[in-house]
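Coordinate inspection notes
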2 protein chains.
Amino acid sequence: MQGYTPGEQPDSPEIVKLNTNENPYPPPTAVIEALRAIEGADLRRYPSPLADDFRTLAGLIHGVDPESILAVNGGDELLRLLLTTFVEPSETLAVMQPSYSLYPVLAEVAGCKLLEIPLNGAWEMPDDMPAILREQAVKMLILVNPHAPTGGLLPADYLRGLAREFKGILVLDEAYADFIDPELAYDSIPLVCELGNVLILRTLSKGYSLAGLRFGYGIGPTGLIHPMATKTRDSYNTDHISQKLARAALESRDEAAKTWERVRRSREWLRGELAGLGIDTLPSQSNFLLAEISAAIDTADLYLALKERGVLVRHFDQPRLDNRLRITVGSETDNEILIEKLRDILQ
Amino acid sequence: MQGYTPGEQPDSPEIVKLNTNENPYPPPTAVIEALRAIEGADLRRYPSPLADDFRTLAGLIHGVDPESILAVNGGDELLRLLLTTFVEPSETLAVMQPSYSLYPVLAEVAGCKLLEIPLNGAWEMPDDMPAILREQAVKMLILVNPHAPTGGLLPADYLRGLAREFKGILVLDEAYADFIDPELAYDSIPLVCELGNVLILRTLSKGYSLAGLRFGYGIGPTGLIHPMATKTRDSYNTDHISQKLARAALESRDEAAKTWERVRRSREWLRGELAGLGIDTLPSQSNFLLAEISAAIDTADLYLALKERGVLVRHFDQPRLDNRLRITVGSETDNEILIEKLRDILQ
């Protein structure tokens, strides 16, 4: 089997790095203050096994019981736990195609069956999702919302309808949810409370500029959270430092939200500039754009030309994506450099 | 199924905590310096997926190739990865009985078969280990060395002989190896280099006073390390901060070694004092003692009486251990308090 291939992580600070969807701005000030407050003696003892203080805070913020929160060592851990805990080898995990390329790897590690459901020609959900899930006896469906790599957002009402008709577990990977336009008033938390089969994954990696910290959390009914919290999770899966910093991050939501607003503004600016270069993008509620490269241009060559000029974007060498680039929305300066280099190359 | 039950982790600093084998002294100074040097911007990007700098340093220290090192989010992660990667559900994991109570839980999560091989009447390995492993077609044997909860050390020569006769994978969980008397010159690294089926687990939790950090590593032949590094491991399993601090810890081996020497001195002092109270202990090369409580005393009651007096030790309510207490070697003061409270209770 093939493992997951993470995006390139070059060391050089000169690289304009628009390939792995990091937030271009630093984490909230309080996170660094929390880091400075850690003392050596704090590290000597085992951390809280379930990150109790974090659970309490996250429960308060999302309006759910702390027992509905599971802290994890990066969102990937929760995805793995979901498969380990709820999907037997004889059962089926469904994901959309294309989607986050880790999902098929996790299915292979778990040894379960994988159903990849193609997005339709408009890069949207097929009309007959409930029927597909029923006919294929799907045990778990993972949707990343906003979708990756398109950036498209499924409304909560659509998800509610889907979850109601679905006999399995609907996992909403909301890695990029912080970047959704607040005017859309997207809120999937009520689904967790109303239904027994919806679990939400959140991460601090993107919205809170803490990809280096590895901290995420699940929000779900206790029927889904409890078995992972008490049985399949590594005994101390999150460390003392990350628990403290994650709390400080969530307490700084307002400060982080200013970076989300900046990213949204840059996203729309970038769409306009790319359009000016003849490059179409899908509307995105995320911190990246999926850019369609004209058939006259070899997309892999364009990716390499950008890389040679110090700009790293993501090219997925797979059907439907081979003529597209996924471009992270960077800082204002990074975005300008991208446009400048693209203009150089294309002219 | 039942999950793993970690030892109690009370918040109160007044508790004399001798129940989960932490090092009583703070982590090396350089670890805190490394913590102070972390900047917010460092956390914005993903960490090195395989902790490359740590691997290089650990390889250098142990005299193996960096490719023979796997950094993990606490030793528990490596144990889980070993089962996921190498033991199929139809295959058998063997552990000694009694031993680290997490092993059976991991076997159950992995869904594989479990063979618990009783230690003999002297709490040592049975003579016919190779035959048992062969007859039961064992795929993986995990030995914790020094053993928990006895503290007994198996010499490297014994392990070499066992590994040579064993067709499966021998995992040496050396969580407590830092506390071995240097005069014994225990060194299992040559087994990794000589044989293809030995993998060593090390952790920074005990020897380096970093239980709160969650950082451990495997040392093994690339044939065993590579599949975990590239396939079954979560994509970014260790975070940026812990990678930096783990490096600083290993670089401070000499400073940490002074705490190991203090623990060894206290261990022997404690054995003597316990003997003076009529409590026998097995010789230990670890940072804990397994204390045998006289049949005239109910061990669970003694555990509770100590707890009421603010001293927490570990009592395992299981066959062969129900009349014993596992006592972590604490600071000089903690050890004195333990002896004082025990004397109070027993008189």
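Please refer to the structure placed before this passage.
Residues numbered from 1 in each chain as written. Chains lettered and ligands numbered in written order. Predicted model: local features only at pLDDT ≥ 70, side-chain atom pairs only at ≥ 80, totals over all residues. Heavy atoms only, no water.

So, about the side chain of K17 of chain B. Residue and element names in this part refer to chain B. Its place among the elements puts K17 in strand β1 (residues 16–17). Within the structure, the side chain of K17 is placed 2.6 Å from the side chain of T20, a separation counted as a polar contact. Among the polar contacts made by the side chain of K17, one reaches the side chain of E22 at a distance of 3.1 Å. (Helix = DSSP H or I, 4+ residues; strand = E, 2+ residues; numbered from the N terminus. Polar contact = N/O pair within 3.5 Å; in protein donor to acceptor, adjacent residues only side chain to side chain.)

Space inside the largest pocket adds up to approximately 890 Å³. Lining the largest pocket we find 32 residues, and of these V109 and A110 of chain A together with T84, V109 and A110 of chain B sit closest to its centre. For the lining of the largest pocket, the elements supplying multiple residues, two or more each, are α4 (75–86), α5 (102–110) and α9 (222–232) of chain A together with α4 (75–86), α5 (102–110) and α9 (222–232) of chain B. No other element matches the five residues that α4 of chain A contributes to the lining of the largest pocket. Its residues assigned to classes, the lining of the largest pocket comprises 16 nonpolar, eight polar and eight charged. (1 Å grid on protein atoms, 1.4 Å probe; cavity = no way out; pocket = protein on both sides within 12 Å on 5 of 7 lines; lining within 4 Å. Points joined across faces, edges and corners; volume = space filled by probe spheres on them. Nonpolar A, V, L, I, M, F, W, Y, C, P; charged D, E, K, R; others polar.)

Here the focus is the relation of the copies chain B and chain A. Of the two same-sequence chains, chain B is brought onto chain A (RMSD 0.0 Å, axial shift 0.0 Å) by a rotation of 180 degrees. As the rotation angle and translation indicate, the two copies are arranged about a two-fold axis. Closest approach to the rotation axis among the C-alpha atoms of chain B is made by R36 of chain B, whose C-alpha sits 3.2 Å away. Interface overlap between copies: 100% of the residues of chain B at the interface are likewise at the interface in chain A, consistent with a symmetric, same-surface contact. (Least-squares fit on C-alpha atoms with pLDDT ≥ 70 in both. Contact = heavy atoms within 4.5 Å.)

Turning our attention to the environment of W269 of chain B. Residue and element names in this part refer to chain B. In this structure, W269 sits in helix α11 (residues 253–276). The partly exposed category is assigned to W269, whose relative accessible area is 35%. When the C-alpha positions of W269 and G218 are compared, they lie 33 Å apart, and in sequence the two are 51 residues distant. For W269, the residues in contact, after removing those within four places along its chain, are N335, E336 and I339. (Buried < 20%, exposed > 50% of the residue type's maximum accessible area, 1.4 Å probe, protein only.)

Residues and elements named next belong to chain B. If you walk across this open sheet you meet the seven strands as β2-β8-β7-β6-β5-β3-β4, and the pairing is mixed. Strand pairing shows two members of the sheet lacking a second neighbour, β2 (69–72) and β4 (113–118), which therefore form its edges. Strand-to-strand twist of the sheet, defined as the mean angle between neighbouring strand axes without regard to direction, takes the value 20 degrees. As judged from the four bridges shared by β2 and strand β8 (residues 216–219), these two strands associate in the antiparallel manner. In the strand pairing of β8, L70 is matched with G218. (Pairing = 2+ DSSP bridges. Axes fitted to C-alpha atoms, helices over the stretch in contact; angles between N-to-C directions.)

With that out of the way, let us pick up a negative patch on the surface. Negative charge collects at one region of the surface, where D11 of chain A together with D52, D53, D65 and E67 of chain B lie side by side. Examined against the element boundaries, E67 of chain B turns out to sit in the loop between α3 (52–62) and β2. E67 of chain B sits in the partly exposed class, given a relative accessible area of 41%. (Patch = residues over 30% accessible without salt bridge, like charges linked within 9 Å, V, L, I, M, F, W, Y side chains within 5 Å. Areas by Shrake-Rupley, 256 points an atom, 1.4 Å probe, with all protein chains shown as cover. Salt bridge = Lys/Arg side-chain N within 4 Å of Asp/Glu carboxyl O. Lys, Arg positive; Asp, Glu negative; His and termini not counted. Charge placed at Lys NZ, Arg CZ, Asp CG, Glu CD.)

Taken together, the contact pairs 58 residues of chain B with 58 residues of chain A. When the two sides are added together, the surface that chain B and chain A hide from each other amounts to roughly 4700 Å², 54% of it contributed by carbon and sulfur. The largest per-residue losses of area from chain B upon contact with chain A belong to R44, R45 and Y46 of chain B, which jointly make up 16% of the total buried on that side. Taken together, the links from chain B to chain A amount to two salt bridges. A salt bridge links D234 of chain B to R80 of chain A; the nearest nitrogen and oxygen atoms lie 2.8 Å apart. Counting residues per element, the ones that place at least two in the side of chain B that touches chain A are α1 (29–37), α2 (40–44), α4, α5, α9 and α10 (240–251) of chain B. (Buried area = accessible area lost by both parts, 1.4 Å probe.)

With that out of the way, let us pick up the packing of α4 of chain A against α9 of chain A. Residue and element names in this part refer to chain A. Following both chains from N to C, one finds α4 and α9 inclined at 95 degrees, their axes separated by 10 Å at the closest point. By the criterion of interaxial angle, the relationship of α4 to α9 is roughly perpendicular. Here α4 contributes L78, L81, L82, T84, T85 and F86 to the contact with α9, which in turn contributes G223, L224, P227, M228 and T232. Per-class residue counts for the contact of α4 with α9 are seven nonpolar, four polar and no charged. (Parallel < 35°, antiparallel > 145°, perpendicular 65-115°, else oblique.)

What follows deals with unusual backbone geometry. Going from Q97 of chain A to P98 of chain A, the amide bond is cis rather than trans, its omega being 0 degrees. Even without being a glycine, N21 of chain B presents a positive backbone phi close to 60 degrees. Mapped onto the secondary structure, N21 of chain B falls in the loop between β1 and α1. If you check the backbone angles, R214 of chain B has positive phi at about 60 degrees while not being a glycine. With respect to the helices, strands and loops of the structure, R214 of chain B is situated in the loop between β7 (198–203) and β8.

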